[in-house]
Amino acid sequence: MELIDGKALSASVKLQLKERVAALETEYGRKPCLAVIIVGENPASQSYVRGKIKACAFVGMDSRLIELPESVSQEDLLAKIAELNADDAVDGLLVQLPLPKHIDEDAVIDAISVEKDVDGFHPGNVAALWLGKPCMVPCTPKGVMMMIESTGVPVAGKKAVVIGRSNIVGKPVAKLLLDANATVTIAHSRTADLPAVCREADILVVAIGRPKFVAADMVKPGAVVIDVGINRQADGTLCGDVDFDAVAPLTSHITPVPGGVGPMTITVLMSNTVDCFIRRMNKQ
Ligand code: NDP
């Protein structure tokens, strides 16, 4: 079994990005800039956002953090998004999810300019992804693919099973695996005999949000297992959706939690922001 070290992979990609950002600044006279809007004081969201701002500083990009109160109206949030859409100094824009219940998440995602949609959640980017057109690919799914690529295990022709069908992880991961010529099954809470379905997988991607859900009897010996889940346990520590201790010895490669997909997600966000910057600069 080999560990897919998300921290190490992410550190090496960030170093490459740092050089690229410095070269872009010389070429275009300014750095790429990511704007992050956070609403309210959800501790997990605050920690993710801090990680994103820190990563911008590390790769040498500018960032703007816009903190809005939990009580902010949808109208005021949309007005802030419109302002940042129109701001030429901002290349990438994201609104940290989840949002308070009184705000319509879809309306917020729709309001972000497709060109600045570094999360790849805007319907324009989602449609382009499924149509196989150039688009902003969502960060976690792209990070998952980079981690699979890092194993050197060829994806073409392999059976891949993705557990989870959310718009932000499961569905886009499945599409990227399909693009890489895997034969893809998307499993979910209504899948019959989930263990048998999972045992077919040469590549198993798990994104369900249930601590240590995937047990040893759900994994084909020699499979590549990518654990997207982040769950906080009663003792305050984090664990994934895979029972790592039981499953890891069976696998050819597996991601740990923490230190797996999480760090890659933020690194891909940096890379998506650089891509938005380059596209915008080349349009002017
Ligand atoms: P969602 O809650 O949106 O989706 C969960 C999916 O899992 C659903 O499709 C659901 O099926 C499926 N599911 C739930 N329970 C079961 C079950 N018992 N058997 C089979 N399928 C099940 O979650 P997300 O996709 O947003 O996130 C998934 C996990 O990934 C979470 O732990 C989250 O914290 C983590 N995450 C990690 C990121 C990272 O950077 N590492 C980024 C984003 C998320 P159904 O559709 O039938 O309800």
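In short, a report on the structure. (Residues numbered from 1 in each chain as written. Predicted model: local features only at pLDDT ≥ 70, side-chain atom pairs only at ≥ 80, totals over all residues. Heavy atoms only, no water.)

Let us look at unusual backbone geometry. Residue Pro98 follows Leu97 across a cis peptide bond; omega there is 0°. Position of Pro98 relative to the elements: it lies in the loop between β4 (92–95) and α4 (105–111). Cis geometry marks the peptide bond from Val257 to Pro258, where omega comes out at 0°. For Pro258, the position within the fold is in the loop between β11 (253–254) and α10 (261–283). The phi angle at Asn181 is positive, at roughly 70°, despite the residue not being glycine. Topologically, Asn181 is positioned in the loop between α7 (170–179) and β6 (183–187). Positive phi, normally seen in glycine, also occurs at Asp193, with a value near 45°. In this fold, Asp193 is placed in the loop between β6 and α8 (194–199). (Helix = DSSP H or I, 4+ residues; strand = E, 2+ residues; numbered from the N terminus.)

Our next topic: the sheet that holds strand β5 (residues 159–163). Ordered in space as β1-β11-β8-β7-β5-β6, the six strands form an open sheet in which the pairing is parallel. Only two strands of the sheet have a single neighbouring strand rather than two, namely β1 (2–3) and β6. Of the strand pairs in this sheet, strand β7 (residues 203–206) and strand β8 (residues 224–227) are connected by four bridges, and their pairing is parallel. Bridge pairing links Val205 to Ile226 in β8. (Pairing = 2+ DSSP bridges.)

Right, let's get into the packing of aromatic side chains. On inspection of all chains with the given rule, the structure shows one aromatic pair. An angle of 85° between the planes, with centres 5.6 Å apart, marks the rings of Tyr28 and Phe277 as edge-to-face. One end of the pair, Tyr28, is in helix α1 (residues 6–28); the other, Phe277, is in helix α10, and 249 residues separate them in sequence. The side chain of Lys14 reaches across the aromatic face of Phe58, ending 5.4 Å from its centre. Of note, Lys18 hangs over the ring of Phe58, and the distance from its end group to the ring centre comes to 4.8 Å. (Phe/Tyr/Trp six-rings, centres within 6.5 Å; stacked < 30°, edge-to-face > 60°. Lys NZ or Arg CZ within 6 Å of the ring centre and 35° of its normal.)

Turning our eyes to something else, we now look at the sheet that holds strand β3 (residues 62–68). Pairing is parallel in the open sheet, where three strands are placed in the order β3-β2-β4. Sheet topology places β3 and β4 at the edges, where each strand pairs with a single neighbour. Each strand axis lies, on average, 15° off the axis of its neighbour in the sheet, ignoring direction. Examined bridge by bridge, strand β2 (residues 33–39) and β4 share four bridges and lie parallel to one another. Bridge pairing in β4 places Ile37 opposite Val95. Across the sheet, helix α3 (residues 74–86) touches β2, β3 and β4, and the angle it forms with β2 is around 180°. (Axes fitted to C-alpha atoms, helices over the stretch in contact; angles between N-to-C directions. Contact = heavy atoms within 4.5 Å.)

Moving on: the site of the ligand. Around the ligand sit 22 residues in total, of which Arg165, Ser166, Ser189, Arg210 and Thr265 are the nearest. One of the side-chain nitrogen or oxygen atoms of Arg210 is found 2.7 Å away from a nitrogen atom of the ligand. Between Thr265 and the ligand, the recorded distance is 2.9 Å, taken from a side-chain N or O atom to an oxygen atom. Starting from 920 Å² of accessible surface for the ligand in isolation, the protein chains cover 72%. The dominant element in the shell around the ligand, judged by the number of residues it contributes, is α10, at three residues. The residue inventory of the shell around the ligand, partitioned by class, reads 10 nonpolar, 10 polar and two charged. (Near = heavy atom within 4 Å. Polar contact = N/O pair within 3.5 Å; in protein donor to acceptor, adjacent residues only side chain to side chain. Areas by Shrake-Rupley, 256 points an atom, 1.4 Å probe, with all protein chains shown as cover. Nonpolar A, V, L, I, M, F, W, Y, C, P; charged D, E, K, R; others polar.)

This brings us to the pattern of salt bridges. Scanning all chains against the criterion turns up 10 salt bridges. Asp91 is the salt-bridge partner of Arg280, the closest N and O atoms lying 2.7 Å from each other. In this pair, Arg280 is assigned in helix α10 and Asp91 in the loop between α3 and β4, connecting sequence segments 189 residues apart. The pair formed by Arg280 and Asp91 is uniform in burial state, with each residue classed as buried. Through salt bridges with shared partners, a single network forms among Arg30, Asp88, Asp91 and Arg280. (Salt bridge = Lys/Arg side-chain N within 4 Å of Asp/Glu carboxyl O. Buried < 20%, exposed > 50% of the residue type's maximum accessible area, 1.4 Å probe, protein only.)

Turning our eyes to something else, we now look at the environment of Leu238. Its location among the elements puts Leu238 in strand β10 (residues 238–239). For Leu238, a relative accessible area of 29% corresponds to the partly exposed category. What Leu238 contacts, discounting residues up to four positions off in sequence, is Ile230, Asn231, Arg232, Gln233, Val257 and Pro258.

Quick look at the nonpolar core now. Note that soluble globular proteins tend to have their nonpolar side chains buried in a common cluster. Val144, Ile148, Leu177, Val205, Ile226 and Val228 are the most contacted members of the largest nonpolar core, which has 26 residues in total. Elements with a minimum of two residues in this core: α5 (123–131), α6 (139–150), β5, α7, β7, β8 and α10. Val13, Leu94, Val118 and Ile266 belong to the second-largest nonpolar core, a separate cluster that totals 25 residues. (Core = buried A, V, L, I, M, F, W, Y, C linked by side-chain atoms within 4.5 Å.)

That's the geometry; what it means functionally is another story.
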